[in-house]
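Survey of secondary and tertiary structure
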Amino acid sequence: MFIIICVFYCMQHCDITIAFRSCRFYIGTFFFPRPDLCHPSLFCKRDFKTKMAAATASKVFPFRDSRAVPDPVLELSPQCLHPSPVPIVIDNGSFQTRAGWGCGGDRFAEPSLIFKSVAARSRGAARSETQIGNDIPNLEPLRWLLKSQFDRNVVVNFEIQELMLDYVFMHLGISTEGCVEHPVVLTESPCNPLHSRQMMSELLFECYRVPRVSYGVDSLYSYYHNTTMRGLDPPSTGLIISSGYHCSHVLPVLNGRLDARNCKRINVGGSHSAAYLQRLLQLKYPGHLAAITLSRMEETLHQHCYIAQDYQQDLDQWRCGEFYEKEVHRLQLPFSQKLLSSTLSAEERLERRSQQLRRLQELNARRREEKLQLDQERLERLLSVQELLEDGLLEQFHKALVELNMDSAEELLSYINKLSLAVEQSKHKILQAEGSVEVEVVDIKPETPDLEQTLDESELEPEFSEDHTEVEKPANPVQPMFNLAEYHQLFLGTERLRAPEIIFQPSMIGEEQAGIVETVQYVLDRYPKEQQGALVQNVLLTGGNLMYPGTRERLERELLAIRPFQSHFQVRMASNPVLDAWYGARDWAVMCTDQEEGWITRSDYEEKGGEYLKEHCASNTFVPMSIAKQTPKAPEPASAPVPAPVAPSTPITG
């Protein structure tokens, strides 16, 4: 009865896989004599053939563990200089930075540089020792050193940002000394704080001395690019739903311009999904904590996870064993093949142990001789100093004591006595070792405790550390071996839909925020019905965290639930949710290179300040900083002078 209660509790409050693994031992012990029959599929249908067919259908997926390749330093093309310097387009993302040239032609249609927006520099290291982006082949060993210029999606660490720009300009082949002669098109976050833009403009104009700068929102550049591809008129109305590495946004666009007053941000993104998936799998497999890294979880998110159309209904499907065996993904962790049992005979083991014993004896003898030689040399040195005292050379004697770090002659004599005793004991041990006969293996032990520091691991075989037995049984070749490959497999079940679900239900990770659908409904409710209909007719999904299978279908299902009956809407996925922001920025740079709209010149920066922004179709709305002036206080009215108090007069009596 107790076991049945435990199974029911685990099935109600845990994942089906966790419940199965937790109760497998008890159920297999008391009810099933064979471990292979204790399987969750038997709780639905005890059909052994069906179970075996489903088990063979599940596939094993190895981790790629791809390593970054350092970016080469590219040569600057003459086409980027003549007739005028071509703009540099930089998509400054919180996960990846993409940089290239805003120039026409198929050669410049793709970004020249794509690297992660991280830098690794230990404390106190020089600036030249900083590793950036693809210079770090594996992020996991340096995870504790990684730094980013972003706090969520806003640039706050401009020292790291300067390193990123140095990396971009150097690898694009810009070698002009003291300045960058090319205009810069740079992305920023929606409703970027004025202080962040001011510091970025100061960095670009003062440090790199660029001729002009243009700022735009990455999601709006993606919207601009996809609108241009569809052939729509530039002043279009729509709703952008974007989700990046740190944040998600709902951005309404009215007549081609961002409505900044009704933009909403959700502080949930791809990094939260990866951390949540890592926590789920580490709780599920506590024996593989170190192997379940954040980099592997990011790979797992993009390769194996999906968005459920109906979250509760899909969770109920995973309770069925047949569905579990069909849909579960087995992720193979790396492991090393080692024989757990030796195939050597007893005679071969004894011969190998005797060889190891001889090597140990030789090492011990060599160490004793070297130690004896060092002790004798030091003893001769101390005796020579003592002779200086006996000869009456006090000045030289005191100088020698200082070199030996000693204070008095008594300390010198004490060291001489101890060292003489150690030399005699070493000679005695050497004589005993040379005169000793063959020693049994049972009686042999290492001579010195520090011998383990000098022995290489290749010197000792695994059998030497085992307890020696006089009678050893030969290895049984029919004995079943432990399956290391299966032990190092991660079964990815309901985690496939639980990890990406947090963008719809942030409360799953403890975030007290609304999900994407609730935020969309809140934004739409701020407009009249006519504008609501225009917005939902052009819904664009962009960002790397919305590339899960089933995202568009889930949002269509949710919009159908919140929109009025028989209302129409259209949801589109961006052609390339990751790179469309850079493509749109490049398209805008090619089209508007010779125009003044959207470009901030150096004279504008010096006249209007670093927070100044020239608006264009993909930019934020510029809200100038208003500083409230203190009104001067009204002068207080002058008060009439107060007469001094007069002492009361006393009557004079006579």
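Up top is the structure.
Since we're looking at a predicted model, the values are computed, not measured. The residue numbering used here restarts from 1 in each chain and proceeds along that chain's sequence as written. Local features in a predicted model are, by the rule used here, given only for residues with pLDDT of at least 70; side-chain atom pairs are given and counted only at 80 or more, and totals for whole chains, interfaces and linings are based on all residues. Side-chain calculation: all heavy atoms of the structure are included, whereas hydrogens and water are not.

As for the overall build of the protein chain
Only runs of H or I of at least four residues qualify as helices and only runs of E of at least two qualify as strands under DSSP, and these elements are numbered from the N terminus. Scanning the protein chain from N- to C-terminus turns up 21 helices and 20 strands. Only protein chains enter the area calculation, which uses a 1.4 Å probe; residues under 20% of their type maximum are buried, those over 50% are exposed, and those in between are partly exposed. Here the protein chain holds 654 residues, and 43% of them are scored as buried. Two residues form a contact once any of their heavy atoms are found within 4.5 Å. In the protein chain, the proportion of contacts linking residues at least 24 apart, taken out of those at least 6 apart, comes to 71%. Accessible area for the protein chain stands at about 38,100 Å²; split by element, carbon and sulfur atoms hold 54% of it. Surface accessibility in these figures is a Shrake-Rupley result with a 1.4 Å probe; residues are shielded only by whichever protein chains are displayed.

Comments concerning the sheet that holds strand β5 (residues 119–120)
DSSP calls a pair of strands paired once it identifies at least 2 bridges connecting them. Ordered by their spatial adjacency, three strands build an open sheet running β6-β5-β7, and the pairing between neighbours is antiparallel. Strands with a single pairing partner mark the edges of an open sheet, and in this sheet they are β6 (131–132) and β7 (146–147). Pairing of β5 with β6, which is carried by two bridges, proceeds in the antiparallel orientation. Bridge assignment links Ala-120 to a residue of β6, and that residue is Gln-131.

Notes on the pattern of salt bridges
A pairing counts as a salt bridge when a side-chain nitrogen of Lys or Arg comes within 4 Å of a carboxyl oxygen of Asp or Glu. Under the definition given, this model contains 22 salt bridges. Here the residues in one salt-bridge network are Glu-206, Arg-602 and Glu-606, joined through shared partners.

Side note on the packing of aromatic side chains
Remark: the centre distance and the inter-plane angle together describe each pair of aromatic rings, the angle taken between the planes. Only the six-membered ring of Trp is used, alongside the rings of Phe and Tyr, when aromatic pairs are assigned; centres must lie within 6.5 Å, and planes under 30 degrees apart are stacked while those over 60 apart are edge-to-face, with the rest tilted. Taken as a whole and assessed by the stated rule, the structure comprises nine aromatic pairs. Geometrically, the ring pair formed by Phe-95 and Tyr-245 is tilted, given 4.7 Å between the ring centres and 40 degrees between the ring planes. Of this pair, Phe-95 sits in the loop between β2 (88–92) and β3 (96–101) while Tyr-245 sits in the loop between β12 (238–243) and β13 (248–254), and the two are 150 residues apart along the sequence. Ring plane angle 40 degrees and centroid distance 5.4 Å describe the contact between Trp-588 and Trp-599, whose orientation is recorded as tilted. Of the two residues, Trp-588 is situated in helix α20 (residues 580–591) and Trp-599 in the loop between α20 and β20 (600–601); the sequence distance between them amounts to 11 residues. An identical accessibility class is assigned to Trp-588 and Trp-599; each is buried. Between the NZ or CZ atom of Arg-296 and the centre of the ring of Phe-63, over which it lies, the distance is 5.6 Å. Only Lys NZ and Arg CZ are tested; either one counts as a charge over a ring when it is within 6 Å of the ring centre and within 35 degrees of the ring normal.

A closer look at the pairing of strand β18 (residues 539–542)
Regular strands have side chains that alternate between both faces of the sheet. On β18, burial covers both faces: Val-539 and Leu-541 on one face and Leu-540 and Thr-542 on the other are all buried. In terms of strand pairing, β12 meets β18 through four bridges, oriented parallel. Bridging from a neighbouring strand, Ser-242 pairs with Thr-542 of β18. Two strands pair when backbone bridges link them, and β18 and strand β19 (residues 571–573) are joined in this way by three bridges, in the parallel orientation. When the bridges of β19 are listed, Val-539 appears paired with Val-571.

As for the side chain of Glu-299
Looking at the secondary structure, you find Glu-299 in helix α8 (residues 294–304). For the buried Glu-299, no salt bridge is present, and the opposite-charge side chain at shortest range is Arg-64, 4.7 Å distant. At 2.9 Å, the side chain of Glu-299 and the backbone nitrogen of Arg-64 are in polar contact. For the charge count, each Lys or Arg is scored as positive and each Asp or Glu as negative, with His and the chain ends excluded. Here a polar contact is recorded for every N or O atom pair within 3.5 Å, except that within protein the pair must consist of a potential hydrogen donor and a potential acceptor, and residues adjacent in sequence are included only if both atoms are side-chain atoms.

What to know about the packing of helix α11 (residues 346–390) against helix α12 (residues 394–403)
Axes here mean lines fitted to C-alpha atoms, for a helix over just the part in contact, with angles spanning 0 to 180 degrees between N-to-C directions. Put simply, α11 and α12 touch, their axes get as near as 8 Å, and they point 150 degrees apart. The orientation of α11 relative to α12 falls into the category roughly antiparallel. Crossing of α11 against α12: the hand is left-handed. Contact with α11, carried on its side by Arg-381, Val-385, Leu-388 and Leu-389, involves Leu-394, Gln-396, Phe-397, Ala-400 and Glu-403 of α12 and no other residues of that element. Residue polarity is assigned by list, with Asp, Glu, Lys and Arg as charged and Ala, Val, Leu, Ile, Met, Phe, Trp, Tyr, Cys and Pro as nonpolar; anything else, Gly included, falls into the polar class. Considered class by class, the residues forming the contact of α11 with α12 number six nonpolar, one polar and two charged. Comment on the angle field: the value is read as roughly parallel under 35 degrees, roughly antiparallel over 145, roughly perpendicular from 65 to 115, and oblique elsewhere. Crossing handedness: left-handed means the near helix sits turned counterclockwise from the far one by under a right angle, and right-handed means the same turn made clockwise.

Regarding empty space enclosed by the protein
The way it works is a 1 Å grid over only the protein atoms, where trapped points that fit a 1.4 Å probe form a cavity and open points with protein on both sides within 12 Å along at least five of seven lines form a pocket, and then any residue with an atom within 4 Å of a point lines it. Grid points are joined across faces, edges and corners, and a volume is the space filled by probe spheres set on the points. Counting across every chain of the model gives three cavities of 30 Å³ or more. Taken as a whole, the largest cavity holds about 50 Å³ of empty space. Around the largest cavity, the lining residues are Leu-239, Ile-241, Val-517, Val-520, Val-539, Leu-555, Glu-558, Leu-559 and Ile-562. Counting residues per element, the ones that place at least two in the lining of the largest cavity are β12, α17 (516–524) and α19 (551–562). The leading source of residues in the lining of the largest cavity is α19, at four residues. Of the residues in the lining of the largest cavity, the class split is eight nonpolar, no polar and one charged.

Observations concerning the side chain of Arg-572
Mapped onto the fold, Arg-572 is located in strand β19. Although Arg-572 is buried, it makes no salt bridge; Asp-580 carries the closest opposite charge, 8.1 Å away. In contact with Arg-572, not counting residues within four places along its chain, are Asn-226, Arg-230, Asn-538, Val-539, Leu-540, Leu-541 and Arg-552.

As for the sheet that holds strand β16 (residues 329–332)
In spatial order, the strands read β1-β16-β17; together these three strands make up an open sheet with mixed pairing. Looking along the sheet, the strands with just one partner apiece sit at the ends: β1 (60–62) and β17 (489–492). The average undirected angle you get between the axes of adjacent strands in this sheet is 30 degrees. With four bridges connecting them, β16 and β17 associate as antiparallel partners. Considered in β17, the bridge of His-329 is made with Leu-492. Strand contacts of α8: β1, β16 and β17, with the helix running at about 150 degrees to β16, the strand carrying the most contacts.

Side note on the nonpolar core
Core analysis: the largest hydrophobic core is formed by 49 residues, its most contacted members being Ile-241, Leu-277, Leu-281, Leu-490, Ile-516 and Val-520. When contributions to this core are tallied by element, the ones reaching two or more residues are β12, α7 (270–284), α8, β17, α17, α18 (529–536), β18 and α19. Not counting chain neighbours up to four residues away, the residues in contact with Val-520 comprise Leu-239, Ile-241, Val-250 and Leu-559. Phe-150, Phe-158, Phe-205 and Tyr-215 belong to the second-largest nonpolar core, a separate cluster that totals 39 residues. The nonpolar core is taken to be a set of buried Ala, Val, Leu, Ile, Met, Phe, Trp, Tyr and Cys residues, with the residues joined through side-chain atoms within 4.5 Å.

Brief notes about unusual backbone geometry
Look at the link from His-82 to Pro-83: it is a cis peptide, with omega at 0 degrees. Tracing the chain through its elements places Pro-83 in the loop between β1 and β2. Unlike most non-glycine residues, Gln-566 shows phi in positive territory, near 65 degrees. Relative to the assigned elements, Gln-566 resides in the loop between α19 and β19.

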